Structures are given as C-alpha cells and as structure tokens.
Amino acid sequence: MAANRDEPSKYVTLISNDGFEFVLLREATVVSPTIKAMLRDGRQWREATTGRCEFPDISGAVLEKVVEYFQYWYKNRDKLDVPDMDIPVEICLELLVAADYLGLDSKPPLPSHGA
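Just so you know, these numbers come straight off a predicted model, no measurement behind them.

With respect to the overall build of the protein
A count of helices and strands for the protein gives 5 helices and 3 strands. Listing every helix and strand of the protein by position from the N terminus yields β-β-α-α-α-β-α-α.

Some details on the pairing of strand S1 (residues 11-15)
A large share of S1 lies buried, amounting to 4 of its 5 residues. Looking at chain direction, S1 and strand S2 (residues 21-25) are connected through 5 bridges and run antiparallel. Its bridge partner lying in S2, Ile 15 is registered against Glu 21. What sits between the antiparallel neighbours S1 and S2 is a turn of 5 residues, in which Gly 19 has the positive phi angle 90°.

Focus: the environment of Cys 92
Take Cys 92: it is sitting in helix H5 (residues 92-102). Sequence separation between Cys 92 and Val 62 is 30 residues; the distance between their C-alpha atoms is 8.8 Å.

Re the sheet that holds strand S3 (residues 52-54)
Pairing in this open sheet of 3 strands is mixed, and the strands run S2-S1-S3 from one edge to the other. Of all strands in the sheet, those with a lone pairing partner are S2 and S3, marking the two edges. Each strand of the sheet is rotated relative to its neighbour by a mean of 25°, with strand direction disregarded. Taken strand by strand, helix H4 (residues 60-76) contacts S1 and S2, and its axis lies near 10° from that of S2.

Considering the environment of Leu 14
Summarising the element assignment, Leu 14 is placed in strand S1. For Leu 14, a relative accessible area of 0% gives the class buried. As a C-alpha pair, Leu 14 and Leu 63 span 49 residues in sequence and 8.0 Å in three-dimensional space. Non-local contacts of Leu 14, meaning those with residues more than four positions away in its chain, are made with Phe 20, Glu 21, Phe 22, Leu 24, Ile 35, Cys 53, Phe 55, Leu 63, Val 67 and Phe 70.

Overview of the packing of aromatic side chains
Two measures describe an aromatic ring pair: the distance that separates the ring centres and the angle between the ring planes. All chains considered together, the criterion is met by 2 aromatic pairs. Taking the centre distance of 6.3 Å and the plane angle of 85° together, the rings of Phe 55 and Tyr 101 count as edge-to-face. Pair noted here: Phe 55 is in the loop between S3 and H4 and Tyr 101 is in helix H5, with a separation of 46 residues, a long-range link. Exposure remark for Tyr 101: the relative accessible area of 47% places this residue in the partly exposed category. Here the guanidinium or amino end of Arg 77 rests over the ring plane of Tyr 74, the centre of that ring lying 3.9 Å away.

What to know about the side chain of Lys 65
One can find Lys 65 in helix H4. Overall, Lys 65 belongs to the buried group, its relative accessible area being 11%. Excluding anything up to four places from it in sequence, Lys 65 contacts Met 85, Asp 86, Ile 87, Pro 88, Ile 91 and Leu 95.

Thresholds, definitions, all that
Residues numbered from 1 in each chain as written. Predicted model: local features only at pLDDT ≥ 70, side-chain atom pairs only at ≥ 80, totals over all residues. Heavy atoms only, no water. Helix = DSSP H or I, 4+ residues; strand = E, 2+ residues; numbered from the N terminus. Buried < 20%, exposed > 50% of the residue type's maximum accessible area, 1.4 Å probe, protein only. Pairing = 2+ DSSP bridges. Axes fitted to C-alpha atoms, helices over the stretch in contact; angles between N-to-C directions. Contact = heavy atoms within 4.5 Å. Phe/Tyr/Trp six-rings, centres within 6.5 Å; stacked < 30°, edge-to-face > 60°. Lys NZ or Arg CZ within 6 Å of the ring centre and 35° of its normal.

Dropping the structure here:
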C-alpha cells in the first residue's frame, strides 16, 4: 500500500556535517523546537517536504548523542524519575552548543490554565 503523498512520513533523517545519517521517528524529534519548525506541515522549506534535516555545524558523534537523547526522551516521555543519560566528557562542549541550537537547553513551557 502506497503512502499518501499529503501525509508526512512517520520517520525523519538527520544528517551530520560529516555525512552520517540517522533515521528516527518524527514524533521523537518534536522535543526540539528547531526541528519541529523545520518539519512543520505547510512550510515550503526543503526539510518539510523531504523529511531530511542537514546540520552543517554538528558532527556525527554529537548528532548521534542528540539522536540517542531524542529516543530516550520519547521512550520515557510519560514517566517520572527517569535516570540521567551518560554523556562522554569529550563531547560535552559540542553537545551544549548543539543543544542550544536545537532548543534543547530550556524546559518546555508549562500549560496555562485560564488567565
């Protein structure tokens, strides 16, 4: 059965500056406001139409850890008391820069009630 061309794929591909490609569930990437905006329906951006996001400033090693975080977040999104992920010291600075670019350095807004 062919996929409906109007519906975006349930998978996206993230591509590092050194050519590594990571395919993961689109739903797992929505924790990043940057990627969510890139893939938003109705946009004329290449990423929205192809489902492929290229990151010329993020290495494969760092993007791999970002993808691991997306999958970790997706798997544990409805749980409390989730243990921290292990982060290799040698990529901490690059990972912080990538997290800042992807909007992962801030907490999501709390839902508003009324007011």
